[in-house]
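Spelled out, the chains give:
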Amino acid sequence: MLPRPVLVVSIELTVVLLGLFAIAVLYSSVGHGGGSGYLAVLSMTSFASAQAIWLKQYAWSLNLIVAALAFWHYSKEGHHDMRLSLPFILASVPLAVLGGYMLVEGSLYDLLLSVALVTAAWRLLTGDAGIGETTRPDTSAAVAVGGSIGLASGVIGIGGGIFLSPFLMLKGWATAKEAAATSALFIWLNSLAGLAGAGLSGRLDIDMGLLLPFSLAVLLGGLIGSRYGSQVSSQTGIRGLLVVVLIVAAARRVIGGEL
């Protein structure tokens, strides 16, 4: 059994739930599950005393809720193309299982990840990604990208959308909303694969007493954010929101340090 924090109804818990709600609103608006944001919130509270693998399991579990809502809304609005998503998914899922099985930690990786996120945010902020015409990627390129992100997703404890979305747009492979739809499905499957990997390693340990209030918070946030992103926000608005998401995630890696 992994050491786990005790659920106490307190000011801190209230702040955590509000933080999870806000992360779910922001991330779901761009088709993300919010894994890196949930890790950020939990890592800045007493829950940070838990092992990294413990925190990852909650991030993956909450991703399943929010990414499902995001995918449903974006797909319903006609933004999903399975031909675009399939090669990324087929390559990522088995490697996400492998990453979830592994136990990898380290401040150096946090630093490298932050650099990658800030670079992607800058490219999106200064370029025209996700707005002009798009071309679908070669299968080999999609498989390489999907597999790499899938492995990283399992190792870090996220769904991978924070990498996939900007990559799809920077390469001109998808519009902003197509990238959001593909990323939502990608995140959901990779999160499930990460949990499966943790289970195979014998380290799966989730406290339902904690998961339930966390889930209710992100469920409400995901409903609001995914509806706004898929139906109300413009392509340019989605790109701007994604830049915010990337910068927030990078800041967490620099400020939060090791899990």
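These figures come from a predicted structure and were not determined experimentally.

## A word on the overall build of the protein
Next, step 1: Assigned secondary structure in the protein consists of ten helices and zero strands.
Next, step 2: Total accessible area on the protein is roughly 10700 Å²; 69% of this is exposed by carbon and sulfur atoms.

## Focus on a nonpolar patch on the surface
Next, step 1: On the surface, a nonpolar cluster with roughly 540 Å² of combined accessible area is contributed by L212, L216, L219, L220, L223 and I224.
Next, step 2: Accessibility expressed as a relative area gives 38% for L223, which makes it partly exposed.

## Points about the environment of P213
Next, step 1: Tracing the backbone shows P213 in helix α9 (residues 208-232).
Next, step 2: Considered as a pair, P213 and L17 are 196 residues apart in the sequence and their alpha carbons are 7.5 Å apart.

## Here we look at the nonpolar core
Next, step 1: With 48 residues, the main nonpolar core has L20, Y38, F47, F88, L168 and F214 as its most contacted residues.
Next, step 2: With seven residues, the single largest contributor to this core is helix α1 (residues 11-28).
Next, step 3: With residues near it in sequence (within four places) discarded, F214 still touches L13, V16, L17, L20, L42, F47, Y58 and L62.
Next, step 4: Within the second largest apolar cluster, five residues are counted, among which are I53, W60, L64 and L195.

## Topic: the pattern of salt bridges
Next, step 1: The final tally for this structure, using the stated rule, is three salt bridges.
Next, step 2: Close ionic contact of R83 with D81 constitutes a salt bridge, the shortest N to O distance being 3.2 Å.
Next, step 3: By relative accessible area, R83 is classed as exposed at 72%.
Next, step 4: Here R136 and D81 are joined by a salt bridge, their closest N and O atoms 3.2 Å apart. Of this pair, R136 sits in the loop between α5 (107-126) and α6 (139-156) while D81 sits in the loop between α3 (52-76) and α4 (82-101), and the two are 55 residues apart along the sequence.
Next, step 5: Residue classification places D81 among the buried residues on the basis of a relative accessible area of 15%.

## Considerations on the packing of α4 against α6
Next, step 1: Packing of α4 against α6 leaves a shortest axis separation of 6 Å and a crossing angle of 25°. In terms of axis orientation, α4 runs roughly parallel to α6. Judged by the sense of rotation from one axis to the other, the crossing of α4 with α6 is right-handed. Packed against α4, whose contacting residues are P87, F88, A91, S92, L95, A96, L98, G99 and G100, the element α6 presents T139, A142, V143, V145, G146, G147, G150, L151, G154 and V155 at the interface.

## A look at the packing of aromatic side chains
Next, step 1: Counted under the stated rule, the structure contains three aromatic pairs.
Next, step 2: Seen from their ring centres, Y58 and F214 are 6.0 Å apart, and the 75° between their planes marks the pair as edge-to-face. Taken together, the positions of Y58 in helix α3 and F214 in helix α9 put the pair 156 residues apart, joining distant regions of the chain. Summarising the burial analysis for this pair, Y58 and F214 share the class buried.
Next, step 3: With 6.1 Å between their ring centres and 50° between their planes, F88 and W173 make a pair best called tilted. Here F88, found in helix α4, pairs with W173, found in the loop between α7 (161-170) and α8 (176-200); they are 85 residues apart in sequence, far enough to count as distant. The exposure classification of F88 matches that of W173, with both residues buried.
Next, step 4: Among the aromatic residues, those joined into a ring-pair cluster are F88, F167 and W173.

Cut-offs used in this document
- Residues numbered from 1 in each chain as written.
- Predicted model: local features only at pLDDT ≥ 70, side-chain atom pairs only at ≥ 80, totals over all residues.
- Heavy atoms only, no water.
- Helix = DSSP H or I, 4+ residues; strand = E, 2+ residues; numbered from the N terminus.
- Areas by Shrake-Rupley, 256 points an atom, 1.4 Å probe, with all protein chains shown as cover.
- Patch = residues over 30% accessible without salt bridge, like charges linked within 9 Å, V, L, I, M, F, W, Y side chains within 5 Å.
- Salt bridge = Lys/Arg side-chain N within 4 Å of Asp/Glu carboxyl O.
- Buried < 20%, exposed > 50% of the residue type's maximum accessible area, 1.4 Å probe, protein only.
- Core = buried A, V, L, I, M, F, W, Y, C linked by side-chain atoms within 4.5 Å.
- Contact = heavy atoms within 4.5 Å.
- Axes fitted to C-alpha atoms, helices over the stretch in contact; angles between N-to-C directions.
- Parallel < 35°, antiparallel > 145°, perpendicular 65-115°, else oblique.
- Left-handed = near helix turned anticlockwise from the far one by under 90°.
- Phe/Tyr/Trp six-rings, centres within 6.5 Å; stacked < 30°, edge-to-face > 60°.

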